[in-house]
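Understanding the architecture of this molecule
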Amino acid sequence: MNPATHFRQMRKGLDLPQAIAEADRCLLCHDAPCSRGCPADTRPAEFIRKLRFRNITGAIRTIKENNILGGACGELCPTHRLCEKACSARFASRARPEGADRPIPIGQIQRFLVEHSWQIGFKPLRKSAVRSEHLAVVGSGPAGLSCAAELAKSGYPVTIFESRPEPGGVLRYGVVSYRFSLDFLRNELKDVEDLGVGFKCNHPVEGLAGAENLLKQGFQAVFLAPGLWAAEALVPKSQPISGVYSSVGYLSALRDGRLREMADRITGRTVAVIGGGSVAMDCVESAARLGARDVYLVYRRSYAQMPAEPDERVEAQSAGVHFLLLNQPVDYVAGRGRRLKGLKLVRTRLAAPDGSGRRRPQPVRGSEWILDCDVVIEAIGNRPAPDSPNWYPRVKLSGNNLIRVNPLTGRTSVRGIFAGGDIVRGPALVVQAVADGKTAARAIRQYWHG
Amino acid sequence: MATNIDLSVDFCGLLFKNPFLLSSSPVSNSAEMVERAFQAGWSGVVFKTLNSDRLPITHPSPRMHYVGYGSQRAMAYQNVEQISDRPLRHNLLEFLYLKKHYPDYPIVASIMGFFEDEWVYLAKACEDNGADMLELNFSCPHMCIEGSGHKVGQAFHLLERFTAAVKQAVSIPVMAKMTPNITDMTEPALYAKKGGADAISAINTVRGISEIGREDWVPRPNVFGVGAISGTSGPAVKPIGLNFIASMARCRELGLPLSGMGGIETWVDALEYLLVGATTLQVTSGIMHYGYRIVEDLIEGLSDYMALKGIGRVPELIGRALPHLQETEHFDLGRQGIVQYKLDQCIGCGQCHIVCSDAAGQAIEWDPRKRRPRLIEDKCLSCMLCQAVCPVPGLITYKEMPAGWRRRETAVKDKSLEPELKHESFKKEGPHECAA
C-alpha cells in the first residue's frame, strides 16, 4: 500500500453483522450503567437495545439527536473509562468463557450506526420552524458544532466563524488521519450543514473586541469556542531552531496539505517527541508511520504516570517508538544555520508527590546527556492564542487566559456571550466539548425566551 | 472415548453400529456422499427419496433459506427441495455400490409413488437392488398432487392402502415417515400399522415460512418472485419432533419401533430423542449446517455420557423419560417453591428485576445504589423467568418451600371500585378431570 494511503486510512469499523453480534451480547441492563457514564448524556443502553431489536434507524436517531458528532465520539472517545467502564457484560464475561473482561464495544457500535446512516442515506434529524434569533459561533470545533447543531435543530439561524480555511477545529487540524479520516469528518460536518448551519471559513473574528462586536452586528448571542491553538514552549527560544515543532504546528501540517513536506523532513531521520499525553502519542506514532528511522518519546515522569490512554501507549510501543522515560529536556543543541542537532536531557528520579498527587520528577545532578536527533516535536500542552483576550476584552478570564463560565450554563461574565470547549476547560475530550455545546445551547435558548 | 460402550441398536431386525443415520434429503443424494458419511461414522442411510421417472423432477432455484436468531445464523432451515431428481437406474446403481463396499451399513430406501402400482414398482426395485429396508415418504411437504407427500400423510386411508400394497410386495421391513403437519400423529401411525408397517419415522419438515423479504415482500427462498409455504427444519423444530416421538412411544396400541428426527445436532439432542422412545436417529439439518463430521461428537458424546452414567447399551436409554412424562393434571400442586439467589455472584445487570416486574410477580425489587435485586419471597411465582435471563449460570436456583407456605395474592389495584362491580359466582356443575 502507498504510504500516504496507509497514513490516511482510518481503521475499519464494525460492519452490520458484527455490530448485531455485539448487540446480542448486551445484557440490556435495568438502569443501565453505560448510560450514566457519558459526559454528553449519550444513552448507549437505548441505541444498543434498538439495534438488538433491529430498530436500526431508531438507534441512529438516538445517537444523532443527542450528539451531532456521534460518529467522531464513537471513534475518538476513551470509552474504556467512560461508558464501557461500568458495562455489566464485562463482569458477565468473567463468569462466562467467551473472553474475560470484555465490555460491549459501545464506541465502535456507535461509530458503526453513524456510518451506517451515511451509507443508507438516513437522516434522522429534522429542523423545526424557523425562528428569528440568530446565533454566532466562534470556532468550528466540537464545542462550536455541537452548540450550532443543537440550536439549528430548533430552527434558529446559526453562523459559525472559522479562522482557518476548513471547518472542524481539532477534528481537522489536531487529529491524525489514520485515527480520524477527512472523509469521516466531511460526512459528519454534512450532518451539521444539513441543519442549515452557515459556515464562514477564513473568517477570523480577531481584532479588538471582534467577538463582542458580533452582538452589535445582528446576532442575538455569541458562543465562544475557539479552542487552544498556541503551544506551550519548553525552552524559551530567542532565536528559532530549524527542526523544532510544536505538536499543534506538526499535526496541523499533516492535515492542511503539507503532509508530503513533513514526510520529507521525517522519513529516515531521528525524531524526538516531548510529552506523555494523547497528543504526544499521536505525534510519535505518526512520525513512525511516516518512516522516521528512530522515534523517541521523551517524558520526564514514569510510564504509569503518563496521561495518555493505555491503548495509545501500547499502540505507540507497537509502532516501534522508543520510550525514554525519566528524562527531562533541558535545552536544544543547534548546529550550523541554527539547525537542530540534538536534545539535551537530564535524567530524573521520582521524589515526593506534587500538587497533582503524582510523584514529582527531580533532575539527577550531573546526569545530563545529549540525544542526537533531527526533529523535535513539543507536545507539552496547548493554550489560548496570546491575543485571544483582545477579541473579548470584557469577558472575565481565569489564569492561563481561559474563559470563566458558569459550568451549568456556559454563561460568561458578559450578557449574551457564552463559551465552551477547551477555551474554558483547557485540553479536554471531544465529548466534553460536545457536552459544553449542548449546555450552552440550552442556556442560550433560555436567555432568549426566559 | 469410553470403549466399553456398545452404541449398536437393533431396528426391525437390522443391526446398526450406532443409532445415527443420514435422513432422506440432500445429504443422502449419492453413493459418493453416503460413502464419505459412512467413513465419518454414520451407521446407515435413508437414501434420498426415489421416484419412478414417470414425472420429471426439477428442483426450484434457489431452494433453501434459513431462519436466523440474533447473530446466530440458523436456528432453522427452510427448503423447497423435491425428491431425488436422478434417474431411478442411477440411484439403484448407487445401492449396489454401497452394498458391495459397505455391506454392514444398512440402506433404507425412501420411496414415493402417486398410486399403488407405482409404490409397489419402486419397493420391488429397491429390494431387488440391495435395500435393507424401505421408508415410505408420506410426508414431503412440497408435493401438491393429491395422493402424494404430506397429502397422503393427512389422508389416512390412502396411507394404509399404500403401506399394505408395499408390504405385500416385499419381504424387507417397511417404515412409514410421518408429517408433523397434523394435530395427533398416533392416528395416521395406527393406520400405517394396520397397513403392516414395521416402524414409524418422524418428523418430516414442518410447514412454515422462514422469512419474508423486507424490500420485495417475497417469502424466502425467493424463486424468481415467488415463495411457498414449505419445509422448516433444524434446532427450532426439535420440541415438535420430541412431542410426536414421545406421543407415539406412549401409545400402547401402536407399539412400533420409532426412528426419530427433527433438530438433532448434538449428542444431547440425540439423547433426548432416545429418552422419549426413538431407537434410531436421523439427521439432515445438522449436516447441512456443519457437515458429516458432527457424527464424531454424537458418538463420542453419547458414549462418554453412557459410561459416566454406567449404562452399557443404547436400549437401556430408550423411552426412559416416558414414565416422567404425564399430563399436567398429574402435577403435585401442593408442593410450591420460590427462587433463591447467590448474590455474591451477581453482576448487577437487573434483567431479573425487569422480567419479574413485566412478566411475573413483581417480586424482585431493585436496589439502585448497590445494583442488586431484592426478592420479596411471598410474591415469587417460581416461574423461573429470572433464571432464564440471568447471565450468570447457577446464580438463581429453585427452592421448595415447606408445606403450608402461602404465596401472597396479587393485589387489586383499587378496591374502592367494588360498588361498581357487576359479578356473580358461576354455579353450574361441570367436569372435574382437570381440577387440582
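Residues numbered from 1 in each chain as written. Chains lettered and ligands numbered in written order. Predicted model: local features only at pLDDT ≥ 70, side-chain atom pairs only at ≥ 80, totals over all residues.

1. A few points about the environment of V295 of chain B
All names here are of chain B. Threshold: Think of it this way: any DSSP run of H or I at least four residues long counts as a helix, any run of E at least two long counts as a strand, and we number them from the N terminus. Exposure classes come from backbone-placed C-beta atoms, where a residue is buried if 20 or more other C-beta atoms lie within 10 Å of its own, exposed if 12 or fewer do, and partly exposed in between. Any residue pair is listed as a contact if its two C-beta atoms, each placed from the backbone, are within 7 Å.
Looking at the secondary structure, you find V295 in helix 10 (residues 294-309). A tally of 23 C-beta atoms within 10 Å means that V295 is categorised as buried. The spatial distance from the C-alpha of V295 to the C-alpha of A40 is 6.9 Å, given a sequence separation of 255 residues. Leaving out residues up to four positions away in the same chain, V295 has contacts with F20, A40, G41 and W42.

2. Thoughts on helix 6 (residues 186-194) of chain B
Of all the residues in helix 6 of chain B, the buried ones are P188, A189, Y191, A192 and K193 of chain B. Count one or two residues on from helix 6 of chain B and you reach G196 of chain B, which has phi positive near 110°.

3. Topic: the interface of chain B and chain A
What counts, and what does not: Residues are grouped as follows: nonpolar covers Ala, Val, Leu, Ile, Met, Phe, Trp, Tyr, Cys and Pro; charged covers Asp, Glu, Lys and Arg; every other residue, Gly included, is treated as polar.
Taken residue by residue, the interface counts 14 residues in chain B and 13 residues in chain A. In terms of residue class, the side of chain B that touches chain A is built from seven nonpolar, seven polar and no charged.

4. Considering the domain arrangement of chain A
Which entries qualify depends on this criterion: Residue ranges assigned to the domains are those given by an automatic or database domain assignment.
Domain annotation of chain A identifies domain 1 (12-120), domain 2 (135-229 + 384-449) and domain 3 (231-381). One C-alpha centre belongs to domain 1 of chain A, the other to domain 3 of chain A; they are set 35 Å apart.

5. Examining the confidence of the model for chain B
Note the cut-off: What pLDDT expresses is the predictor's confidence in each residue, scored from 0 to 100.
The share of residues in chain B with pLDDT of 70 or more is 97%, and the mean pLDDT across the chain is 94. For this predicted complex, the interface confidence comes out at an ipTM of 0.79, alongside a pTM of 0.87.

6. Some words on the domain arrangement of chain B
Once the domains are mapped, chain B shows domain 1 (9-324) and domain 2 (332-409). For domain 1 of chain B and domain 2 of chain B, the distance between their C-alpha centres works out to 42 Å.

7. Things to note about the sheet that holds strand 11 (residues 206-208) of chain B
All names here are of chain B. Definition in use: By this definition, two strands are paired if DSSP reports at least two bridges between them. Interaxial angles span 0 to 180 degrees and are taken between N-to-C directions of axes, which are lines fitted to C-alpha atoms, for helices over the stretch in contact.
Within the open sheet, the four strands sit side by side as 5-6-12-11. Their pairing is antiparallel. Every other strand in the sheet has two partners, leaving strand 5 (64-69) and strand 11 as the edge strands with one partner each. Taking each pair of neighbouring strands and ignoring which way they run, the sheet shows an average axis angle of 45°. Where strand 11 lies against strand 12 (residues 230-233), three bridges are found, and the strand directions are antiparallel. Bridging from a neighbouring strand, V206 pairs with T232 of strand 12.

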